[in-house]
Each structure stands twice: as C-alpha cells, then as structure tokens.
Amino acid sequence: MRSSWADLAANSAAENAPLPTSVNNATSQPPSRPVYVPPHLRNRGATAPPPLPASASSGNFNASSGNDNSGSRWAPPPRNDYRARPGGYGNRTGGWDRREANPFADQDDTEEPVTQEEQENTGINFDAYEDIPVETSGGNVPPPVNTFAEIDLGDALNDNIRRCKYVKPTPVQRHAIPISLAGRDLMACAQTGSGKTAAFCFPIISGIMTGQPAQRPPRGVRTVCPLALVLSPTRELSMQIHEEARKFSYQTGVRVVVAYGGAPINQQLRELERGVDILVATPGRLVDLLERARVSLSMIRYLALDEADRMLDMGFEPQIRKIVEQMDMPPAGARQTMLFSATFPKEIQRLASDFLSNYIFLAVGRVGSSTDLIDQRVEYVQESDKRSHLMDLLHAQRANGVQGKLQQALTLVFVETKKGADALEHWLCLNNFPATTIHGDRTQQEREAALKSFKSGKTPILVATDVAARGLDIPHVAHVVNFDLPNDIDDYVHRIGRTGRAGKKGLATAFFNENNTSLARSLGDLMQEANQEVPAWLTRFAARSSYGGGKNRRSGGRFGGRDFRRDGTFSRGGSDYHGAGNSSGGYGASGGYGGGYGGGYAGNSAGPGVTSAWD
Ligand SMILES: Nc1ncnc2c1ncn2[C@@H]1O[C@H](COP(=O)(O)OP(=O)(O)OP(=O)(O)O)[C@@H](O)[C@H]1O
C-alpha cells in the first residue's frame, strides 16, 4: 500500500534529523614542537616514502600525453631533491602554518577510527550505492579501489579523511580517484550527493603534496600562481567546496583560497597574497582577478570544473573559454583536467572535449539519473492553487512532527523567479511558516545569512531560485518542493538532489500543470527509471508532448546519456579516443539506450524576471 505524503515526509525527516554533536577540539591541534617538518615528511611517514617517478622531469611541466598510468604528470623529483622541496605552499611558512584555523574545530573529532557500523549509524548507507552500474571508456582505465587504504594519499590526508568520518570511498571516489592519481584527464558523471567533491579534491591535494615544488614568483611580485583551479557556478557552492577542501588539506601544507563575486575583493586579495596552492573560484571574480594581474594561471597543473555541464552551457561557456583558453593556463595535455557533474548532455560533452586530452569517461549510475533514495511525487496543481497546496503540505508536515518534534527537518521550495521567491517567502511568513529566500537579487550578505538561518533550522523553509539548485550540501533537507518546475529535466535532477544525499532518504514533490507540458515525457521517464510511481495523467501529458518542445535539452532521447564518443559520430581533428570501454552492472551495452541527443539545446535562456541568479 502506498503510504501517505505526510508519512513519507515524516520518515524522510526522521532520516534527516540531526545527530547530537559534542565539541572536542583537543585532538586536532597542531603539534606543539616548533620544529620545521616539511609537508611530505608529515604526510608519508618515515617508513613509507613516496613512490619514485618513472621519469622525473625537472623544471617545466611534463606535457605527457597522459597515456602512461604510472603516476602524476608532475611526479616528484628524485628523492633527495623531493625531500628538500615539498610541493605545497606550506613549505614557505617554515613548518605548520600556525595561522591555519582548524576546520574541524566545531565538530566532534575523536582520534578513534570510525567503524563501518558507526558510519551507518550516521545515516550514510553505503549499500544504497553498491549495485550502481558503472561505465568507463577511454584507453588504459586504471582499476577502481575498494578502500582508501589501497590508495597512497599520504598520512595527513588520510588523517583528514578519518576526521571527516569517511570510512570507505563512495563508488565515484572508488573509480575517479585512481584515474586522477594516474594523471589522466576525466569526465565524470555521478548522481547528486554521491561524493564528487572529495573525488576531485583528494587527487589534487595529494598531487600537490607529492609533486615537484613550484617555482614561486619572487618576493614583491603581487601576482599569485595557484597550482590548481577549481571552478564552480555559484558563490555558495564555491564557498562550500573551499570549506571541504580546507578540511581535506588541513595540516598538509597545501593552501586553499576562495574567490567569488559579491564579497569585498580586498579581503580575497589579502588571502591570495598569503599564498595559494588551490584556488576555488566563480568565473566572474576570477576573470576580474586575472584582468587585474593579481592571479596568473601559468602554473596550473590541475583544473577541475564542478557542475561542469553548467559551466559549459551557454551562460558560462564564453567566460570559461576565456579563462581556460585565452589566458596563460597551460593547454590540455600539459595540465590535468577533471570535469564532474550529475548530468552531462551530449552536446555539452562535445564542447567539454575541447578542454580535455585523452580522457576517461566515467559514469556512475546512468548519466543524468536521479538517485533512488529520493521519493519523487508529482501532483497536478493549477497555478492559482499552488499556494494553498503548498500550505496543505506544510500543515500535514507540521501535524506529523516534521518541523515540530524534529526541529531541523528542512524544506527547500524552488520557484522560477526572484520576485516570485520574495512574494512566496512573504506569504509563508504571514501564515506562520518561518521562511527565508535565496536568489540573485539579494546581496551576498543576505544570501549567506539566509543559508545560515535555513541550515540552523531557524527558518526551516528556504524559497530559492536555481541559484541553490546545484551542489549545495545542506544536512537534514527532508523535502524539496518544485513549486514551479524548471524547463529542463537536468535542472530538476539537481534541484531534487538537495535531499537524499550520502545514502540518506529524501522526498521531492513537484507541482505540475499545463505550463510544464514540455517536461512531461522526460519527467515521466526519469521517474520510471528511478522506480517511482508515474501518475497516469502524467503519462497522458507525455503522450501529447514531444521531445522537441520547450527548452528541454534532452530532446531527441533522454537515454542517449553516456560517453558521446561511443556514438560513432565523434570526429575531432587528432582524435585521441581509443574507443575502449568497459562497464559493470549491465549498463555498458548499448541496447536500449541508443537515442541520440537530437533536439536543439536551448541553455538557460532566462527572460526578464526569470531565474538568472548565477554568479
Ligand atoms: N566516502 C565518504 N564517506 C562518507 N561520506 C561522504 C563520503 N564522500 C562524501 N561524503 C559526504 O557526502 C555528502 C555529499 O557529497 P558531495 O557534496 O561531494 O556530493 P556531490 O556528488 O558533489 O553532490 P552534487 O551532485 O549535489 O554536487 C557530503 O556531506 C560529504 O561529506
């Protein structure tokens, strides 16, 4: 029997209920002896020196084809040299960076290792990911690992993984980390909430720790030269990646700095001047820094694009091309490039291949699929009834204790326009539902305050435009409501992916009416694929609509989603695609998923008043 909505919300809320935390910083303080210890010695331990490079290059980047799987393109120089010249920026500080704040300060950080059982108690259910189909294609794909111990990430990084309470790698990490550690370019697609951030951060941090020391600009030169660049589409996501990367790189000597728009640039410049190994940035602010000659990309070894399909769609592509192709960044092949997202339309894959060299394509789960952890509901609601319908949902939720007994079960409501967000927030507050809002017309301070207030449960409803659709990892989001559905099914996938993360269950409700007809078919297909109940009326809408309509970028067949090079139409000058591929879990064979990417890709053509809140 199908359970009621309120039961589901309550269950989802119970799964998302916060755990008691206690503060204990005592165990993660820097060592007390003021002795300089180069980062590589701290990380590797005396008995486990880093592997020697197959052929150590000195000086310039080794613009390897990426064909060999022997290790990083920036393998460490011979051991004596290496010991004297660790890769991280921390080597300039003469030991531990005493100004490095402890990013674990506000969490319970015991030295006790976390057991599998304990991890499951935190709600992270790894079994949820076990039978996920995995497809890789490209030449000489390094094999996946099952444990972090199988990968030589170094002691300091391993300590931080333990502090993060990661017991074992998620599927995307199992596959992506060895690929990146082998120096290969990567286009990786894995479901929302499945741990992609660590999948690109670990190899970058490890590579900088063990890589050749970088030649830094002489003192007095104000241009800084990061070794790694991580780009993301929104300010909040860049901030989040920065927070995560700081945790992973704590006490490794690798310094991470963030730069994003809407915040005073002077503070960011000061942070940059203190040194930067990994720069996390939004494209607009980065272009500003490049034009002021305060950042040079000439020493970039690692380039990661999070939400890569969004970064390369029509809104961002010119800026990304400018940053990657028209400034001083080493070209593809001379740097290592990693692209990650939960969705990767083929047209974007084609564009993305310009930035990659001899890359491996990795799909964990079907490209663009939503996770089965999210219970998806779609309800027919006329425009004029949406508010009262939302009110019914929230009352039922309240009656079931979702926001009563369990204080922090959070509801995220997506709307189409910034004005619509403000109006709905106002109306909710008037009706005694504490709400706040995040969208592109709010100041950065207001945006950050809204997110903080939502996360803390003070305002357990957040009304948002698509600015909050991607990447944000907010604990305890029990329910995502698509008050207005997006035009694009990929946006829907990212929006609902704010719940049902890291193995936890979630609930997503969509209000559908005639205005969403062009989405009917892809929504029905997506739900069916995720084993959700598709209402008969939605199927009838789908039959009436065609894939060609609207702005649905999956026009022409949603399930063409896999490595576009395998469609046989891939022909690029000097193609480096080897065509080899393998798959597990019955996903690799082409049967049933041959539909191409036929319809025109319309991007995110926001009209007046329509969501355009990207940074
Ligand atoms: N190996 C692991 N063990 C336990 N938790 C993990 C592990 N890896 C990641 N996590 C946690 O899982 C959550 C989701 O990770 P992350 O934000 O990287 O997902 P994502 O795949 O980037 O999602 P999205 O597609 O929405 O951007 C985070 O809270 C993260 O700390």
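Residues numbered from 1 in each chain as written. Predicted model: local features only at pLDDT ≥ 70, side-chain atom pairs only at ≥ 80, totals over all residues. Heavy atoms only, no water.

In the nomenclature of an unreviewed UniProt entry, the protein chain corresponds to RNA helicase from the organism Pisum sativum. Under the UniProt heading Catalytic activity (unreviewed entry), the note attached to the protein chain is "ATP + H2O = ADP + phosphate + H(+)". (UniProt positions renumbered as here; feature names shortened; annotations may be inferred.)

**Brief notes about helix α8 (residues 196–210)**
With 15 residues, α8 should cover 21 Å at 1.5 Å per step; its first-to-last C-alpha distance of 22 Å lies within 8% of that length. Counting buried positions over the 15 residues of α8 gives 14, a clear majority of the element. (Helix = DSSP H or I, 4+ residues; strand = E, 2+ residues; numbered from the N terminus. Expected span 1.5 Å × (residues − 1). Buried < 20%, exposed > 50% of the residue type's maximum accessible area, 1.4 Å probe, protein only.)

**Remarks on the sheet that holds strand β9 (residues 374–380)**
Pairing is parallel in the open sheet, where six strands are placed in the order β9-β14-β13-β10-β12-β11. Looking at which strands have only one partner, the edges of the open sheet turn out to be β9 and β11 (435–438). If you compare each strand with its neighbour and ignore which way they point, the axes differ by 20° on average. When strand β10 (residues 410–414) meets strand β13 (residues 477–482), the two strands line up parallel, connected through five bridges. Residue pairing for β13: leucine 412 is matched across the bridge by valine 480. Where helix α20 (residues 536–544) meets the sheet, its contacts fall on β9 and β14 (506–512), and the angle it forms with β9 comes to roughly 75°. (Pairing = 2+ DSSP bridges. Axes fitted to C-alpha atoms, helices over the stretch in contact; angles between N-to-C directions. Contact = heavy atoms within 4.5 Å.)

**Focus: the site of the ligand**
Neighbouring residues of the ligand: 23 residues in total, closest Tyr166, Lys196, Thr197, Asp473 and Arg501. In this structure, an oxygen atom belonging to the ligand sits 2.8 Å away from a main-chain N or O atom of glycine 193. Protein chains shield 92% of the accessible area of the ligand, which is 640 Å² for the free molecule. Residues that form the shell around the ligand fall into these classes: six nonpolar, ten polar and seven charged. (Near = heavy atom within 4 Å. Polar contact = N/O pair within 3.5 Å; in protein donor to acceptor, adjacent residues only side chain to side chain. Areas by Shrake-Rupley, 256 points an atom, 1.4 Å probe, with all protein chains shown as cover. Nonpolar A, V, L, I, M, F, W, Y, C, P; charged D, E, K, R; others polar.)

**Re the nonpolar core**
Phe202, Ile204, Ile278, Phe340 and Leu523 are the most contacted members of the largest nonpolar core, which totals 85 residues. Looking at which element gives the most residues to this core, the answer is α8, with nine residues. (Core = buried A, V, L, I, M, F, W, Y, C linked by side-chain atoms within 4.5 Å.)

**Overview of the pattern of salt bridges**
Counted under the stated rule, the structure contains 24 salt bridges. We note a salt bridge from glutamate 244 to lysine 247, for which the minimum N-O separation is 3.8 Å. Separated by three residues within a single helix, glutamate 244 and lysine 247 lie in helix α9 (residues 235–248), roughly one turn from each other. A salt bridge links aspartate 354 to arginine 321, with the shortest nitrogen-to-oxygen separation between them at 2.9 Å. Of this pair, aspartate 354 sits in the loop between α14 (346–352) and β8 (360–364) while arginine 321 is found in helix α13 (residues 317–326), placing the two residues 33 residues apart along the sequence. Relative accessible area serves as the criterion here: at 35%, aspartate 354 is assigned to the partly exposed category. Residue classification places arginine 321 among the buried residues on the basis of a relative accessible area of 17%. In this structure, a network of salt bridges that share partners links the residues Glu317, Arg321, Glu325 and Asp354. (Salt bridge = Lys/Arg side-chain N within 4 Å of Asp/Glu carboxyl O.)

**Side note on the packing of aromatic side chains**
If you walk through the whole model with that rule in mind, you get eleven aromatic pairs. Plain terms: the ring middles of phenylalanine 202 and phenylalanine 248 are 4.8 Å apart, the flat faces sit at 80° to each other, and that makes the pair edge-to-face. Taken together, the residues span a long stretch of sequence, with phenylalanine 202 in helix α8 and phenylalanine 248 in helix α9 at a distance of 46 residues. Like phenylalanine 202, the residue phenylalanine 248 is buried in the burial classification. Clustering of aromatic rings is evident, with ring pairs tying together Phe148, Tyr166, Phe202 and Phe248. The side chain of arginine 544 reaches across the aromatic face of phenylalanine 541, ending 4.7 Å from its centre. The lysine or arginine in question, arginine 565, covers the ring of tyrosine 359, its NZ or CZ lying 3.7 Å from the ring centre. (Phe/Tyr/Trp six-rings, centres within 6.5 Å; stacked < 30°, edge-to-face > 60°. Lys NZ or Arg CZ within 6 Å of the ring centre and 35° of its normal.)

**Notes on the packing of helix α19 (residues 520–529) against α20**
Their axes nearest at 7 Å, the elements α19 and α20 cross at an angle of 135°. Judged on the interaxial angle alone, α20 and α19 are oblique. The handedness of the crossing between α19 and α20 comes out as left-handed. The residues of α20 that touch α19, namely those facing Ala520, Arg521, Leu523, Gly524 and Met527, are Leu538, Phe541 and Ala542. Along the lines of polarity and charge, the residues of the contact of α19 with α20 split into six nonpolar, one polar and one charged. (Parallel < 35°, antiparallel > 145°, perpendicular 65-115°, else oblique. Left-handed = near helix turned anticlockwise from the far one by under 90°.)

**Thoughts on the packing of helix α10 (residues 265–273) against helix α11 (residues 283–291)**
Interaxial distance between α10 and α11 falls to 12 Å at its minimum, and their mutual angle equals 70°. As far as their axial angle goes, α11 and α10 are roughly perpendicular. The chirality of how α10 crosses α11 is right-handed. In this structure, α10 contributes Ile265, Gln268, Leu269 and Leu272 to the contact, and α11 contributes Arg285, Asp288 and Leu289. When its residues are assigned to classes, the contact of α10 with α11 shows four nonpolar, one polar and two charged.

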